[in-house]
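# Structure assessment
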Amino acid sequence: MASKIPTRLLAGGKFEIRQIVHGLWQTAGGHGKINPTEALKYMVRLVEAGFTSFDGADHYGPAELLMGELRKWYASKNGADKLGDLQLFTKWVPHSEPMPRALVEQAIDRSLQRMATDSLDLMQFHWWDYEDMEYITALKHMQALQKEGKIKYLALTNFDTERLRIMYKNGIQVVSNQVSYSVIDRRPEKEMVKFCLEHDIKLLTYGTLLGGFLSEKWIGVAEPTTKAQLNTSSLGKYKRFIDHWGSWTLFQELLSTMKKIADKHNVGISNVATRFVLDKPAVGAVIVGIRPGLSDHIESNTRTFSFELAAEDTAAIEAVVSKGKQLPGDCGDEYRYRW
């Protein structure tokens, strides 16, 4: 389908995805009650606007089922031969335990059934405990299932650089790694970006808008400290990121700086934040969350592609960011180690 939303290529140019991917993690709860019917209607509107790439997971509530319903809608409207116009990603997030092939295949088959397909576009694997090397076993089984056609492209989520090196030494190749990356979370730049450029791995980034903190609504607002103020799981998480990076006063300076840049280009702070990360080496796409029925950002997300950041824009952002501290560790460490 023709679309004004630009794309980037993964897997050596074989897999084309939109530069903004819409993430379905907010359908899992923790961000307000989501009506699945309204969620599907919003996904249809996104596709009609040219946003054809979606990111889900086995544990995101109805996310896989919603993507399955989207496939059915698209096939009924455009024909099954056009389903390649959609790019539907999912994840498998198992507990650390022995990984026999039967267990791995059962998980893949469950996602296939939910998503109404016989081959997953992109299967992203997560593992909690690095000391348990069964993640290598699981990935080798997934590689076998990929050869059998049940998975088109194999990928990761929240793995660090050291584990990627171990995988490659074990003959496991992936096309992407989904990680947190934002103006203040620059952990990918420590080691991950270099490794990804060397091995043709793209970063699919989340947290780029800091759970909504990178927006005009937080300018001049007193520091949120209560659960009532930090009323979504994303706000709670990314407030912790802001605290590790710097102070609320420094964050206000960052918002003010980004607002000036946004006004200059007639866009919003969220567009500047997204463009900043999209311009980074090895980045394949930025993932933004959707809350159907609670927020609508189709038009504003489209504006991300209406401008380019000038060198002085980037320098102004970096001047403020450099006043804070680097977030500790490598990509994904927030899920395994206490900061």
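Going by the structure above, here's the rest.
Procedures and definitions
- Residues numbered from 1 in each chain as written.
- Predicted model: local features only at pLDDT ≥ 70, side-chain atom pairs only at ≥ 80, totals over all residues.
- Heavy atoms only, no water.
- Helix = DSSP H or I, 4+ residues; strand = E, 2+ residues; numbered from the N terminus.
- Buried < 20%, exposed > 50% of the residue type's maximum accessible area, 1.4 Å probe, protein only.
- Contact = heavy atoms within 4.5 Å.
- Polar contact = N/O pair within 3.5 Å; in protein donor to acceptor, adjacent residues only side chain to side chain.
- Phe/Tyr/Trp six-rings, centres within 6.5 Å; stacked < 30°, edge-to-face > 60°.
- Pairing = 2+ DSSP bridges.
- Right-handed = clockwise from strand over helix to strand, strands pointing away.
- Salt bridge = Lys/Arg side-chain N within 4 Å of Asp/Glu carboxyl O.
- Axes fitted to C-alpha atoms, helices over the stretch in contact; angles between N-to-C directions.
- Core = buried A, V, L, I, M, F, W, Y, C linked by side-chain atoms within 4.5 Å.
- Lys, Arg positive; Asp, Glu negative; His and termini not counted.

## Considerations on the environment of Thr 90
- Within the secondary structure layout, Thr 90 lies in strand 5 (residues 87–92).
- Taking relative accessible area as the criterion, Thr 90 reaches 1% and is therefore assigned buried.
- Residues in contact with Thr 90, not counting those within four places in the same chain, are Gly 56, Ala 57, Asp 58, Glu 64, Ser 111, Met 115, Leu 120, Leu 122, Met 123 and Gln 124.
- Of note is the side chain of Thr 90, whose polar atom sits 2.6 Å from the side chain of Glu 64.

## Structural notes on the packing of aromatic side chains
- Considering all chains together, one arrives at 17 aromatic pairs under this definition.
- Note on Phe 15 and Phe 89: the rings are 6.1 Å apart at their centroids and 65 degrees apart in plane angle, and the pair reads as edge-to-face. Residue Phe 15 is located in strand 2 (residues 15–18), and its partner Phe 89 is located in strand 5; the two are separated by 74 residues in the primary sequence.
- Given the relative accessible area of 7%, Phe 15 is considered buried.
- Overall, the relative accessible area of 0% leaves Phe 89 in the buried class.
- With a centroid separation of 5.8 Å and an interplanar angle of 50 degrees, the aromatic rings of Tyr 135 and Phe 159 are classed as tilted. With Tyr 135 in helix 4 (residues 134–147) and Phe 159 in the loop between strand 7 (151–157) and helix 5 (161–169), this pair connects stretches of sequence that are 24 residues apart. A single burial state applies to Tyr 135 and to Phe 159, both of which are buried.
- Each member of the aromatic cluster is reached from another via a ring pair, and the members are Trp 92, Phe 125, Trp 127, Tyr 130, Tyr 135 and Phe 159.

## Details of the pairing of strand 9 (residues 202–206)
- Taking burial as the measure, the five residues of strand 9 include five buried ones, the bulk of the element.
- Side chains Lys 202, Leu 204 and Tyr 206 of strand 9 all project onto a buried face; the interleaved residues Leu 203 and Thr 205 project onto the opposite face, where all are buried too.
- Here strand 8 (residues 176–180) runs beside strand 9; their pairing, made up of five bridges, is parallel. When the bridges of strand 9 are listed, Val 179 appears paired with Thr 205.
- Between the parallel elements strand 8 and strand 9, the chain passes through helix 6 (residues 192–199) in a crossover that is right-handed.
- As paired elements, strand 9 and strand 10 (residues 283–289) share three bridges and run parallel to each other. When the sheet's bridge partners are listed, Thr 205 is paired in strand 10 with Val 286.

## Comments concerning the pattern of salt bridges
- Enumeration according to the criterion identifies 29 salt bridges in this entry.
- Where Glu 198 meets Lys 194, a salt bridge forms, and the shortest distance between an N and an O atom there is 2.6 Å. Of this pair, Glu 198 and Lys 194 both sit in helix 6, four residues apart, which is roughly one turn of that helix.
- For Glu 223, the salt bridge identified is with Lys 239, shortest N-O distance 2.8 Å. With Glu 223 in the loop between strand 9 and helix 7 (233–245) and Lys 239 in helix 7, this residue pair connects regions lying 16 residues apart in the sequence.
- On the accessibility criterion, Lys 239 (6% relative accessible area) is buried.

## Examining the sheet that holds strand 5
- One closed barrel holds the eight strands; their spatial order is 3-4-5-6-7-8-9-10, and the pairing between them is parallel. Taken pair by pair, the neighbouring strands of this sheet meet at an average axis angle of 30 degrees, ignoring direction.
- Relative to strand 4 (residues 53–55), strand 3 (residues 20–23) runs parallel, the two being bridged by two bridges. Bridging from a neighbouring strand, His 22 pairs with Phe 54 of strand 4.

## What about the nonpolar core?
- One finds Phe 125, Met 142, Phe 213, Phe 251 and Leu 254 to be the most contacted residues of the largest nonpolar core, which totals 112 residues.
- The element contributing the most residues to this core is helix 8 (residues 248–265), with eight residues.
- In this structure, Phe 213 is in contact with Trp 218, Pro 224, Leu 230, Leu 235, Tyr 238, Lys 239, Ile 242, Trp 248, Phe 251 and Leu 255, ignoring residues within four places of it in sequence.

## Some thoughts on the side chain of Glu 334
- Position of Glu 334 relative to the elements: it lies in the segment after helix 11 (311–321).
- Of note is the side chain of Glu 334, whose polar atom sits 2.6 Å from the side chain of Arg 187.

## Let's talk about helix 9 (residues 269–278)
- The element helix 9 is extensively covered by neighbouring structure, given that ten of its ten residues are classed as buried.
- Ile 269, Ser 270, Asn 271, Val 272, Ala 273, Thr 274, Arg 275, Phe 276, Val 277 and Leu 278 are the residues of helix 9 that are buried.

## What about the side chain of Arg 8?
- As for its placement among the helices and strands, Arg 8 is situated in strand 1 (residues 7–10).
- Although buried, Arg 8 forms no salt bridge, and the nearest oppositely charged side chain, Asp 279, lies 5.0 Å from it.
- A polar side-chain atom of Arg 8 sits 2.9 Å from the main-chain carbonyl oxygen of Leu 278.
- Apart from the residues within four sequence positions on either side, Arg 8 is in contact with Phe 15, Glu 16, Ile 17, Gln 19, Arg 275, Leu 278, Val 283 and Gly 284.

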